[in-house]
Protein chains: 2
Amino acid sequence: MYKILKTEGRAKRAEFQTVHGTIQTPVFMNVATVAAIKGAVSTQDLEGIKNQVVLCNTYHLHLRPGDDNVYRLGGLHKFMSCNKPILTDSGGFQVFSLAKTRKIKEEGVYFHSHINGHKIFMGPEESMRIQSHLGSTIAMAFDECPSARADHEYVKMSVDRTTRWLHRCKNEMDRLNALPYTVNPNQMLFGINQGAIFDDIRIEHAKVIREMGLDGYAVGGLAVGESHEEMYHVLEEVVPYLPQDKPTYLMGVGTPANILEAVERGVDFFDCVYPSRNGRHGHVYTNRGKMNLLNAQFALDDRPIEEGCNCPACSRYSRAYIRHLLKSGEMLGMRLCVLHNLYFYNNMMEEIRNALDNGNFAAYKKAKLEGMEEFDKLSKGPSSDIAKNWRKG
Amino acid sequence: MYKILKTEGRAKRAEFQTVHGTIQTPVFMNVATVAAIKGAVSTQDLEGIKNQVVLCNTYHLHLRPGDDNVYRLGGLHKFMSCNKPILTDSGGFQVFSLAKTRKIKEEGVYFHSHINGHKIFMGPEESMRIQSHLGSTIAMAFDECPSARADHEYVKMSVDRTTRWLHRCKNEMDRLNALPYTVNPNQMLFGINQGAIFDDIRIEHAKVIREMGLDGYAVGGLAVGESHEEMYHVLEEVVPYLPQDKPTYLMGVGTPANILEAVERGVDFFDCVYPSRNGRHGHVYTNRGKMNLLNAQFALDDRPIEEGCNCPACSRYSRAYIRHLLKSGEMLGMRLCVLHNLYFYNNMMEEIRNALDNGNFAAYKKAKLEGMEEFDKLSKGPSSDIAKNWRKG
C-alpha cells in the first residue's frame with residue numbers, strides 16, 4: 001500500500017494507496033475541524049487548490065453533530081461530500097487541550113464537554129468506535145500527549161500507558177472493521193510515538209510500536225511548546241527507529257520551514273491549522289515570506305497576493321480589494337486568504353515532491369527557505385481581531 | 001438601449017443595453033454592500049448562480065475604502081473584478097437610515113459617519129461625484145426617502161426638493177461624464193419617484209420627472225414600513241405615469257411574492273438584501289416556501305435544500321450537513337445558504353422571463369405563489385443568532 005518512489009538522504013517520496021484514492025507524499029492534510037475548513041471553504045473548493053487529504057477532529061464531531069448521526073448519514077465522506085482520503089485524529093489531543101476537569105485513568109479519560117459541560121468518558125475503544133462511525137480512511141490511535149514541560153518520570157509512565165492503549169485500539173479496530181454495516185471496513189490505523197523531548201523514551205517507544213505492523217506511524221507530542229531545534233532533534237533521533245516502509249506523520253506541524261526541515265528528516269505526512277487560522281487574520285504566505293494584508297501599505301496595491309500564483313484569490317483579486325474586505329469585516333476577505341494559504345501549502349508539497357522526483361530537494365529547500373525570509377519584517381505588524389469569533393478549533 | 005420584447009398586461013419583458021453588457025429584464029440585482037456580497041460570496045461565485053447585475057452602496061464605499069481610492073484603483077468593476085453591470089445607489093437611503101444626527105437643507109444633508117462619527121456633507125453633486133469615482137454602470141439620483149408615516153405637507157415639500165435635486169444630479173452627471181479620466185463616461189442616471197403613500201404627490205412627481213429623459217426610473221420610498229397592499233396600490237397608480245420605454249426599478253423589494261406582484265404591475269428591476277440576510281440566518285427559499293434549516297427536523301435529512309435545484313449548495317450538500325455547519329457557527333453554512341437563496345431569486349427571474357416570453361406569466365405567477373405557501377408554517381421556528389455579527393449593511 002505504501003511504495004517509496006525515490007529518496008534523497010532520509011527524505012522520502014512515496015505514494016500511499018487507500019480505498020479513497022492514492023496519496024502522493026510528502027503531503028499536507030488540510031484541517032476541516034468540524035467537517036468544514038474554517039473560512040467558508042467547502043470540499044468542492046478543495047478540488048481547486050491541490051488538496052489531497054482532509055483531516056477532521058474526532059472530539060468535535062463526537063460532540064456535534066454526534067458520530068452516531070454521521071454514521072446514520074452514511075459516514076463522513078458522504079456527510080461532507082468528500083471524495084478524497086480523510087484522516088481523523090483520536091480525540092485525545094482535544095481532550096487534553098480543550099476539555100475541562102479531565103481525569104486520566106488506565107481505562108481512559110473522564111472529562112467535561114467544552115460546549116455544554118456534559119460528562120464524557122473516552123478511552124481507546126470509544127475513540128475507535130467513534131472513528132469507525134465516522135468511517136474515515138485513516139484512524140489515529142488514542143494516546144496521551146504529555147506537556148512539553150512534563151518530567152521524565154511522568155512521561156515514561158504516560159508513554160507505557162499509551163502503548164497499552166495502542167494494543168486496545170488495534171484490537172477494537174480489528175473487531176469493528178469485521179462487523180457488518182461498518183462504514184469503512186478497510187479503515188486503517190496509525191500508531192503515535194510519544195515521549196516529549198526525552199530521546200530514550202521516544203526511541204524505546206518507537207521500537208515497541210513498530211513491531212505492531214500498523215498502517216502508519218505518527219510522531220506526536222511535538223509543536224506543543226518545545227523549540228524548533230528540540231523538535232528537529234527529536235525527529236533526527238526517532239524517525240530512523242520507525243518503519244521506513246510505512247508513512248511517517250508529524251502531527252500538528254507547522255510552518256513552511258518546519259515542513260521542509262521535517263521532510264529532510266524523513267517525515268511525509270503533515271497537518272496544521274496555520275494556513276487557515278492565519279488566513280482568517282489576513283496573514284498570507286508567499287515565496288518571499290508572510291504578509292499582513294491589513295497593513296496600510298496594501299491599501300492601493302492592485303497586485304495579487306503573490307504574482308504568478310494560480311490560487312482562486314490571486315487569479316482574480318488584488319491585495320487592495322482583499323485588504324478592504326478584511327477591514328470591513330467581510331467573510332469573503334477571510335475566505336480568499338484561507339484559499340490562498342491552503343493553496344500555498346498544497347502547492348509547496350507538490351514542489352517538494354517534484355524536487356524529490358528530480359533529485360534536487362536539498363537545493364530546492366535552500367532556495368525556498370532563503371526566499372521566504374525576505375518579507376519576515378512585514379509580518380510583524382499588528383494583528384487583527386476579525387477572526388476572533390471564528391477561532392474555535 | 002431599452003427594448004421591450006414582449007408584454008402581458010402591464011408586465012414587461014425587455015432587454016437593456018449597457019456598456020458592461022445587456023441586461024435581460026425582469027431582473028433581480030444582487031446586493032454587494034461594500035463591494036462584496038455578504039456571506040463570503042465573490043464576483044466569481046456570481047457567475048455560477050445566474051446573476052446579471054450587482055448593486056453596491058455608495059454611502060458605505062464612500063466611507064470605506066473611500067471612492068477616491070476606488071477611483072485610483074480603476075473603478076468598482078476593476079476593484080471587485082466584476083465583468084457585469086453594476087448599479088450604485090445614491091447614498092441617500094443610508095444617510096437617512098444609518099447616519100447619526102442628520103440635517104437636511106436645500107443644498108444637501110449634513111450627517112455623521114456611523115463608523116467613526118466624522119462630519120460629512122452629501123448633496124446631489126457629491127453623490128454624483130462619488131458614483132462617478134466608483135464608475136458604476138447605472139447611478140441613482142440623490143433623493144430624500146421620507147418616512148412611511150410622514151404627513152402630506154412634509155412629503156410634498158420633500159418631493160419638491162427631491163425634484164430640484166434631480167435637476168442638479170443630471171447637470172452634474174453630464175458634466176462629469178464629459179470630463180477626461182472619468183472611469184465610465186457612459187454612466188447612466190436613473191431618477192427616483194417619491195411621495196410616500198400619497199397617490200397625488202406620487203403621480204404629480206412622476207409626471208414631472210418623466211419629462212427629463214433619464215435612462216430609467218425608480219419607485220423609491222416603498223418597503224419602508226407600509227403594508228404590502230399599500231405598496232401594490234402605489235405601483236398600480238404610479239407606474240402608468242412613468243415612461244414605458246424605460247426600465248422601471250422598484251427599490252429594495254422584496255419577497256418572491258412582492259416581486260411577482262410588482263412584475264405584474266410593470267416593474268422590471270429589483271434589489272433586496274433578503275436572500276443574503278436570510279441565508280446568513282439559515283432561512284432558505286424553496287418552491288414550497290421558506291425553511292429554517294436550524295430546525296431539529298433537518299438533523300438527519302440527507303436531501304438537498306431543494307430537490308432538483310442546480311445551485312452550488314444543492315448540487316452537493318445536504319440539509320443535515322448545512323444545518324450542522326450553521327449550528328457550529330461555521331461560515332461555510334452561511335455561504336451555502338446565501339448561494340442557494342441568490343440562485344433561487346435569480347432563477348425565479350429567469351422563470352418569469354421565460355413565462356413572459358411564452359405568454360403565460362399569469363399562470364406561472366399563480367402556480368409559483370400557491371407552491372410557496374406550503375412550507376409557510378415551517379419558517380415560523382426560532383431564528384438564530386449566528387448571523388448577528390455579520391448584519392451590517
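Please refer to the structure placed before this passage.
Bear in mind that the values here come from a model prediction, so they are computed numbers and not experimental data. (Residues numbered from 1 in each chain as written. Chains lettered and ligands numbered in written order. Predicted model: local features only at pLDDT ≥ 70, side-chain atom pairs only at ≥ 80, totals over all residues. Heavy atoms only, no water.)

Points about the sheet that holds strand β7 (residues 100–104) of chain B
Consider a sheet: its strands pair through backbone hydrogen bonds, and that pairing is either parallel or antiparallel. All names here are of chain B. Ordered in space as β7-β8-β9, the 3 strands form an open sheet in which the pairing is antiparallel. Of all the strands in the sheet, the pair left with one neighbour each is β7 and β9 (119–122). Across the sheet, the mean angle separating the axes of adjacent strands is 15° when strand polarity is ignored. (Pairing = 2+ DSSP bridges. Helix = DSSP H or I, 4+ residues; strand = E, 2+ residues; numbered from the N terminus. Axes fitted to C-alpha atoms, helices over the stretch in contact; angles between N-to-C directions.)

Details of the pairing of strand β16 (residues 289–292) of chain A
All names here are of chain A. Relative to β16, strand β15 (residues 283–286) runs antiparallel, the two being bridged by 4 bridges. Note on β16: the bridge partner recorded for Val284 is Met291. The antiparallel hairpin formed by β15 and β16 contains 2 residues in its connecting segment.

Description of the interface of chain B and chain A
Contacts between the two partners involve 46 residues from chain B and, on the opposite side, 46 residues from chain A. Both sides of the chain B and chain A interface together cover about 3900 Å² of buried area, and 57% of this is carbon and sulfur. Where chain B meets chain A, there are 6 salt bridges. Here chain B and chain A share 18 residue pairs in polar contact (both at pLDDT 80 or more) between them. Secondary-structure elements contributing two or more residues to the side of chain B that touches chain A are α1 (43–46), α3 (67–72), α4 (76–79), α12 (319–327) and α13 (331–357) of chain B. The leading source of residues in the side of chain B that touches chain A is α12(B), at 5 residues. (Contact = heavy atoms within 4.5 Å. Buried area = accessible area lost by both parts, 1.4 Å probe. Salt bridge = Lys/Arg side-chain N within 4 Å of Asp/Glu carboxyl O. Polar contact = N/O pair within 3.5 Å; in protein donor to acceptor, adjacent residues only side chain to side chain.)

What to know about the relation of the copies chain B and chain A
Overlaying chain B with chain A gives an RMSD of 0.0 Å, the required rotation being 180° about an axis along which the chain moves by 0.0 Å. Within this description, the copies of the chain are treated as partners about a two-fold rotation axis. When C-alpha positions in chain B are compared against the rotation axis, the closest is assigned to B:Ala40, at 3.4 Å. Comparing contact sets, 100% of the residues at the interface of chain B also lie at the interface in chain A, consistent with an isologous, same-surface contact. (Least-squares fit on C-alpha atoms with pLDDT ≥ 70 in both.)

Details of unusual backbone geometry
Following A:Arg64, the chain continues to A:Pro65 via a peptide bond in cis, the omega torsion being 10°. Structurally, A:Pro65 is set in the loop between α2 (58–63) and α3 (67–72). Backbone torsion omega between B:Val253 and B:Gly254 reads 5°, so that peptide bond is classified as cis. Take B:Gly254: it is sitting in the loop between β13 (248–250) and α10 (256–264).

Observations concerning the packing of helix α9 (residues 228–238) of chain B against α10(B)
Residue and element names in this part refer to chain B. Axis separation between α9 and α10 bottoms out at 10 Å; the angle between their running directions is 25°. Between α9 and α10, the interaxial angle falls into the category roughly parallel. Between α9 and α10 the crossing geometry is right-handed. On the side of α9, the interface is formed by His228, Met231, Tyr232 and Leu235, while α10 contributes Ala257, Asn258, Glu261 and Ala262. For the contact of α9 with α10, the class distribution of residues is 5 nonpolar, 2 polar and 1 charged. (Parallel < 35°, antiparallel > 145°, perpendicular 65-115°, else oblique. Left-handed = near helix turned anticlockwise from the far one by under 90°. Nonpolar A, V, L, I, M, F, W, Y, C, P; charged D, E, K, R; others polar.)

A few points about helix α8 (residues 199–209) of chain A
Three or more residues of α8(A) are buried, namely A:Ile201, A:Arg202, A:Ile203, A:His205, A:Ala206 and A:Ile209. Buried-residue contacts for α8(A) involve α7 (152–177), β11 (188–193), β12 (216–219) and α9 (228–238) of chain A. (Buried < 20%, exposed > 50% of the residue type's maximum accessible area, 1.4 Å probe, protein only.)

Some points on the pattern of salt bridges
A full pass over the atoms with the stated rule returns 50 salt bridges over all chains. Between B:Lys38 and A:Glu330 there is a salt bridge, and its shortest N-O distance comes to 2.6 Å. Remark: A:Glu330 occurs in the loop between α12 (319–327) and α13 (331–357) and B:Lys38 occurs in the loop between β4 (27–31) and α1; the pair is interchain, linking two chains. Taken as a pair, B:Lys38 and A:Glu330 share a single burial class, namely buried.

Honestly, it's all geometry; don't read function into it.
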